Amino acid sequence: RDDDDINDVASMAGVNLNEESARIMATNSDLVGTQIQSCKDEPFLAAIPLHKRILEMAKKLGITDVPAEVVTFISHATQNRLRTVIEKVTVITQHRMESYKDDEWYEQATDVRSQLKFFEQLERLEKQRKDEQEREILLKAAKSRSRQEDPEQARLKQKAKEMQQQELAQMRQRDANLTALAAIGPRKKRKLDSPGLLTVGGEGLGMSGGSQAGLGTPSSRQYARQKITRVNLRDFIFYMEQERETSHSLLLYRALLK
């Protein structure tokens with residue numbers, strides 16, 4: 001072939017088609033001779049119940065025949081819609097569970113938990129102070145030896161006697177517990193489950209690769225724990241409030257009433 005032919009664009013550009021074809025065949029050699037087929041179209045929902053439901057809704061609109069392609073299309077649309085909903089709700093749940101305590105760009109302004117603990121400690125100290133005052137009053141009433149006692153003084157003496165009996169019973173119970181613990185001896189720590197056991201429904205299942213190993217034999221192989229994202233009703237309500245299709249739906253109002 002003449003190299004000066006103006007119609008041969010490849011030759012004018014300095015490209016050798018034979019070398020390029022050989023290079024392409026060498027690169028995609030694993031694909032040569034393979035046969036590619038399309039996968040079977042499997043619907044997400046059961047076809048027969050879905051077809052009956054569509055026919056019932058179509059009859060109200062005067063439609064008597066619904067092709068199978070419509071059922072398949074609606075099944076795939078339902079699958080796509082469900083996947084989208086799950087992805088969005090999962091993102092909402094992950095944002096809710098995200099913690100900013102260790103983030104260097106955030107600093108803690110208030111600590112409600114510490115404040116509540118402080119108030120609980122104040123209430124505990126106030127209650128302890130009142131109990132001590134009441135105890136002193138009862139002890140003074142129990143030590144009084146006046147011959148003419150009014151009913152209030154007698155009631156205080158009886159209450160002081162009951163208090164002393166209760167304190168004595170608590171001391172005896174504490175001594176009995178200490179004696180029992182001393183007789184038992186030091187408690188042994190409970191052995192943790194070996195990493196080769198998978199707990200399902202409260203029962204241990206042995207996980208061994210080749211030969212069957214004993215349940216008590218610790219396995220050197222560590223099994224990664226699957227991370228589970230738990231979505232609650234509050235996350236789903238937040239999703240429905242943000243979506244235009246469900247922001248004013250009856251399903252949202254029913255969820256808010258629960």
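Computed from a predicted structure; not experimentally measured. (Residues numbered from 1 in each chain as written. Predicted model: local features only at pLDDT ≥ 70, side-chain atom pairs only at ≥ 80, totals over all residues. Heavy atoms only, no water.)

**Section: the pattern of salt bridges**
Item 1. On inspection of all chains with the given rule, the structure shows six salt bridges.
Item 2. Here Lys88 makes a salt bridge to Glu243, at a shortest N to O gap of 3.1 Å. With Lys88 in helix H4 (residues 68–97) and Glu243 in the loop between helix H7 (233–242) and helix H8 (250–257), this pair connects stretches of sequence that are 155 residues apart.
Item 3. Looking at Lys88, the relative accessible area reads 35%, which means it is partly exposed. (Salt bridge = Lys/Arg side-chain N within 4 Å of Asp/Glu carboxyl O. Helix = DSSP H or I, 4+ residues; strand = E, 2+ residues; numbered from the N terminus. Buried < 20%, exposed > 50% of the residue type's maximum accessible area, 1.4 Å probe, protein only.)

**Points about the confidence of the model for the chain**
Item 1. Here the chain shows a mean pLDDT of 77. Residues at 70 or above account for 73%.
Item 2. With pLDDT under 50 throughout, residues 194–220 is counted as low confidence; its partners more than four residues away or in other chains account for 24 contacts. (pLDDT = per-residue confidence, 0-100. Contact = heavy atoms within 4.5 Å.)

**Some points on the side chain of Asp235**
Item 1. Summarising the element assignment, Asp235 is placed in helix H7.
Item 2. Asp235 sits in the buried class, given a relative accessible area of 3%.
Item 3. Within polar-contact distance, the side chain of Asp235 engages the side chain of Thr93 at 3.1 Å.
Item 4. Leaving out residues up to four positions away in the same chain, Asp235 has contacts with Val89, Ile92, Thr93, Arg96 and Arg230. (Polar contact = N/O pair within 3.5 Å; in protein donor to acceptor, adjacent residues only side chain to side chain.)

**Things to note about the packing of aromatic side chains**
Item 1. In this structure the tally under the stated criterion is two aromatic pairs.
Item 2. Between Phe236 and Tyr239, the ring centres sit 5.9 Å apart and the planes meet at 40°, which makes this aromatic pair tilted. Of this pair, Phe236 and Tyr239 both sit in helix H7, three residues apart, which is roughly one turn of that helix.
Item 3. Relative accessible area serves as the criterion here: at 3%, Tyr239 is assigned to the buried category. (Phe/Tyr/Trp six-rings, centres within 6.5 Å; stacked < 30°, edge-to-face > 60°.)

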